[in-house]
Protein chains: 4
Amino acid sequence: MARPLPLLQPRKTPIQARSAHTVEAIHTACIQVLIDGGMERLSTTRVAARAGVSVGSLYQYYPNKQSLLAAVLEKHLMHVVEAVEASCLRAKGQPVAVMAASLVQAFIAAKFAAPDVSRALYSVASEVRGEAVVARLTQRSQLALCDMLATAADRRFGDLAPISFVLSTAVVGPVQALLASSAAEPVIERVREHLVAMVSAYLRQMGSEVVARKSPR
Amino acid sequence: MARPLPLLQPRKTPIQARSAHTVEAIHTACIQVLIDGGMERLSTTRVAARAGVSVGSLYQYYPNKQSLLAAVLEKHLMHVVEAVEASCLRAKGQPVAVMAASLVQAFIAAKFAAPDVSRALYSVASEVRGEAVVARLTQRSQLALCDMLATAADRRFGDLAPISFVLSTAVVGPVQALLASSAAEPVIERVREHLVAMVSAYLRQMGSEVVARKSPR
Amino acid sequence: MARPLPLLQPRKTPIQARSAHTVEAIHTACIQVLIDGGMERLSTTRVAARAGVSVGSLYQYYPNKQSLLAAVLEKHLMHVVEAVEASCLRAKGQPVAVMAASLVQAFIAAKFAAPDVSRALYSVASEVRGEAVVARLTQRSQLALCDMLATAADRRFGDLAPISFVLSTAVVGPVQALLASSAAEPVIERVREHLVAMVSAYLRQMGSEVVARKSPR
Amino acid sequence: MARPLPLLQPRKTPIQARSAHTVEAIHTACIQVLIDGGMERLSTTRVAARAGVSVGSLYQYYPNKQSLLAAVLEKHLMHVVEAVEASCLRAKGQPVAVMAASLVQAFIAAKFAAPDVSRALYSVASEVRGEAVVARLTQRSQLALCDMLATAADRRFGDLAPISFVLSTAVVGPVQALLASSAAEPVIERVREHLVAMVSAYLRQMGSEVVARKSPR
DNA sequence: CATGAATGAGTCTTCATTCAT
DNA sequence: GATGAATGAAGACTCATTCAT
């Protein structure tokens, strides 16, 4: 990946800049092709053509098709995970109701920022390599969730593992269904409220109540 | 497509004695191939070979690869839906906690009856044709859920649509994750309890409490 | 072809009657399939289905696809040849202008009686087996033409062979072009007049003038 | 499709040095296969093999089998059309008898330059795509014919459309028949004389005589 | 380094033909 | 005699990947 840079570099890493641009173009093209053709129609040639580069160049950056897909999926899911992590940080020390709202809100916002992209990547996620990526990033989310949950203002939890597992996976079903049906905004809104309610109720249920003091922490 | 109604349609059946066997063999082979190769390695030739029939025979019963996959997916999901429907019938008139337990239990049991099959079919579900099948059967589940929810002993619900939507989709995420990670029995057990708790809490939360009387019915 | 008839036959050759009907149905179906799919889409299965019989039955009457096509082509061309023969008989002893008109008229009428059939069969005619059929029937036409030409009232011909050859082939080009372009009636009419003029002029040119007597034979 | 205009389009040419060779090889191979197997036995695999390239290469230059055939047919017919056009130019201003001779001579020469190729391509011409090519090029011939006929030294014509139509189509029948029967040289010669006579007589018949003056050029 | 022509195994699908019922 | 299920070779076409330029 990190090829040795030639010794002289008049401008800011010109070659890397070019590479970065190419990689970015390939990445975008891959998603485009996926959106309007699905996994079925995706081919390295097509992606390269759409990106405006040669197939050869594509293979310069990705050793094979699978790795390209994995990279694209990873980047997309990374966004989602980062959104979740950020929301976890923001909700630290808050009551579980706030946590639930923050979490669900962040997840849905991230997924619906580019619904067609999210939709297109589901078929990538169910590939062999894709599942590994999903698993890895899901675990990362769980870490952030555990971190957050441990600081809940109004609840104390026993084993955080199953809770974070459920939290990190329970919303994907409904969201996937919404994406698949190209649901309208108000429908999404209503479902989001329900999910907040569900998660909130779940957390309240699973945690033992903490007697409120003056300043929690 | 048109499943034979139990007692009618005497015609065609005699000759189909063999056909039925062939179709069944193809069906099974398709799942086998899917299990040990995934969508990536699934080809009509491979399926036919595994079924011990010629490709030609496969195409006698399915106009193309997609329709074969759709049929296989449909049959599998139908089992799940039927399990859900049965559980909904059984839990009618019970308190929501019972409903939650019944539902989650039925869904997980159905999915884990043949974990590898369930796992293998996720990649089929994310195909174009697959999504349609999923959507159709999900809706059918929702009908059964609405039916059940309307009879809850301890709660009364306003708009059942979003609730049945959430119920029918919220458990698939966790279950999919469990399947993907080939989770061990105790883990599954623990998650199931959590899911029951979550669904139960959600339903209690969304419904307005009914003052208990002398047990209606 | 002529299978031995069983010894007892109460009605008018019942088996043959049935066979004849089946053969006819297959024949018609073959043309239909040809018309709306071309040679490309023609298959024995399709023809049999369209004829309402089983493939097996089709193979009872025709040993293979080629022979079916040859038979269908032959039957069609036979109509044309018979029309030409009839016109030759009618024009016997007439002046060449009348012969020309009679011939061209008959040929065009025969071809345009069912334009789509004529059109569809061109692709059959260019098959290996088809060319043989065409050659054979063309020769038969030439015999009739020779017969007729020898009786022309106003001209005497030397070598009839090349003349009958040219006559039997010169009109097919224009007619084929008209069929291919689905020309409208008035266009066809105009071209027919031209062809009559051409053939007429040709015959007048090639024959040595006969001094008109009182009763030309 | 877009034939390279002689002096323009410098781009792509360098790399095409090889491509050109490949394309040429495919073209030739296609004709070879056609000659010794007919449309029936023509397959892209076979053509590629005969050309000494891979199927993939064939598909790099032709999107599908049909387009390959259309291209091959077009190239062949183009030769014929160009021969006709050239003969039309040469015969401009001559008497119709000369025109007839020039035209028939050119057509027959073009077709018999490579009789097996001409023969092989008849089956291509009766394909769907082939008919379109034939129609297009026939029209182009008609333009040249009209141009020529308008300058006839000894005749003046009314509506040139039907005449050019008949001229451009009337000789193909006899020629096709000669090709099909692999006629010997003297037979061809005799038929050619007849065709010249026929066309000549036709043109004299259809045009109104022009009073010869001091030879207007 | 980029390019894109070439490869050829592999995919889906069709179809003539046979044969057990 | 009729049927139509089964066969499997063969066809059209695709695509990941390589490598000479």
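Residues numbered from 1 in each chain as written. Chains lettered and ligands numbered in written order. Predicted model: local features only at pLDDT ≥ 70, side-chain atom pairs only at ≥ 80, totals over all residues.

S.K.: Residue-level account of the overall build of chain A, with values.
M.R.: Assigned secondary structure in chain A consists of 10 helices and 2 strands. Going from the N terminus to the C terminus, chain A shows its helices and strands as α-α-α-α-α-α-α-β-α-α-α-β. Across the 217 residues in chain A, those meeting the buried criterion constitute 41%. (Helix = DSSP H or I, 4+ residues; strand = E, 2+ residues; numbered from the N terminus. Buried ≥ 20, exposed ≤ 12 C-beta atoms within 10 Å, placed from the backbone.)

S.K.: Just give me the short version of the relation of the copies chain D and chain C, but keep the residues and values in it.
M.R.: Rotating chain D by 180 degrees about the axis while translating it 0.2 Å along that axis superimposes it on chain C, leaving an RMSD of 0.3 Å. A rotation of that kind, with that shift, is consistent with a two-fold axis. Of the interface residues in chain D, 97% have counterparts in chain C that sit at the interface too, so the contact is made through matching surfaces. (Least-squares fit on C-alpha atoms with pLDDT ≥ 70 in both. Contact = placed C-beta atoms within 7 Å.)

S.K.: Residue-level account of the interface of chain D and chain C, with values.
M.R.: Often the size quoted for an interface is simply the accessible area lost on bringing the parts together. Of the residues lining the interface, 33 residues belong to chain D; the matching set on chain C comes to 32 residues. Elements supplying a minimum of two residues to the side of chain D that touches chain C: α1 (13-41), α6 (115-125), α7 (128-149), α8 (160-170), α9 (172-180) and α10 (185-206) of chain D. Of the residues forming the side of chain D that touches chain C, the biggest block, 10 residues, is contributed by α10(D). Each residue belonging to the side of chain D that touches chain C can be placed in one class, and the counts come to 20 nonpolar, 9 polar and 4 charged. (Nonpolar A, V, L, I, M, F, W, Y, C, P; charged D, E, K, R; others polar.)

S.K.: Give me the lowdown on helix α8 (residues 160-170) of chain C, citing residues and values where you can.
M.R.: Counting buried positions along α8(C) yields 8 of 11 residues, so the element is predominantly enclosed. If you check which residues of α8(C) are buried, you get Ile163(C), Ser164(C), Phe165(C), Val166(C), Leu167(C), Ser168(C), Thr169(C) and Ala170(C).

S.K.: Would you mind going over the protein's contact with DNA strand E in detail, with residue names and values included?
M.R.: Around DNA strand E, the structure places 35 residues, and the nearest of them are Gly56(A), Ser43(B), Ser43(C), Asn64(C) and Gly56(D). When residues of the surface near DNA strand E are traced back to their parent elements, those giving at least two are α3 (55-61) of chain A, α2 (44-51) and α3 (55-61) of chain B, α2 (44-51) and α3 (55-61) of chain C together with α1 and α3 (55-61) of chain D. Partitioned by chemical class, the residues of the surface near DNA strand E number 10 nonpolar, 20 polar and 5 charged. (Near = placed C-beta within 6 Å.)

S.K.: I'd love a proper account of the protein's contact with DNA strand F, names of residues and values included.
M.R.: Lining the immediate environment of DNA strand F, one finds 36 residues, of which Ser43(A), Asn64(A), Gly56(B), Gly56(C) and Ser43(D) sit closest. Of all the elements in the fold, those that place two or more residues in the surface near DNA strand F are α2 (44-51) and α3 of chain A, α1 (13-41) and α3 of chain B, α1 (14-41) and α3 of chain C together with α2 (44-51) and α3 of chain D. A class-by-class count of the residues in the surface near DNA strand F yields 10 nonpolar, 21 polar and 5 charged.

S.K.: Describe the packing of helix α5 (residues 96-112) of chain D against α10(D), naming the residues involved and giving the relevant values.
M.R.: All names here are of chain D. In contact at an axis separation of 8 Å, α5 and α10 are set at 140 degrees when each is read in the N-to-C sense. Considering the relative orientation of α5 and α10, their crossing is right-handed. Across from Val96, Ala97, Met99, Ala100, Ala101, Leu103, Val104, Ile108 and Phe112 in α5, the residues of α10 making contact are Ile188, Arg192, Leu195, Val196, Val199, Ser200, Leu203 and Arg204. Considering only residue class, the contact of α5 with α10 consists of 14 nonpolar, 1 polar and 2 charged. (Axes fitted to C-alpha atoms, helices over the stretch in contact; angles between N-to-C directions. Left-handed = near helix turned anticlockwise from the far one by under 90°.)

S.K.: Describe the relation of the copies chain A and chain B, and please don't skip the residues or the numbers.
M.R.: Laying chain A over chain B is done by rotating through 180 degrees and shifting 0.1 Å along the axis; what remains is an RMSD of 0.3 Å. Both copies share a contact surface, since 100% of the interface residues of chain A are interface residues in chain B too.

S.K.: Which residues make up the confidence of the model for chain A, and what values go with them?
M.R.: Residues and elements named next belong to chain A. Residues of chain A with pLDDT of at least 70 account for 89%, and the chain-wide mean is 90. Within chain A, no element has a lower average pLDDT than helix α1 (residues 14-41), which sits at 86, and none a higher one than helix α5 (residues 96-112), at 98. Segment residues 1-14: pLDDT under 50, and 3 contacts once partners within four positions in sequence are set aside and those in other chains are kept. (pLDDT = per-residue confidence, 0-100.)

S.K.: How would you sum up the domain arrangement of chain A? Please name residues and give values.
M.R.: Residues and elements named next belong to chain A. Split by domain assignment, chain A resolves into domain 1 (14-62) and domain 2 (69-209). For domain 1 and domain 2, the distance between their C-alpha centroids amounts to 29 Å. At the junction of the two partners, domain 1 supplies 8 residues and domain 2 supplies 8 residues. Split into classes, the residues belonging to the side of domain 1 that touches domain 2 amount to 6 nonpolar, 2 polar and no charged. (Domains from an automatic or database assignment.)

S.K.: Go over the interface of chain A and chain B, please, and point to the residues and values.
M.R.: Taken residue by residue, the interface counts 32 residues in chain A and 33 residues in chain B. Examining the composition of the side of chain A that touches chain B, we find that 10 residues originate from one element, helix α10 (residues 185-206) of chain A, more than from any other. Of the residues contributing to the side of chain A that touches chain B, the split by class is 20 nonpolar, 9 polar and 3 charged.

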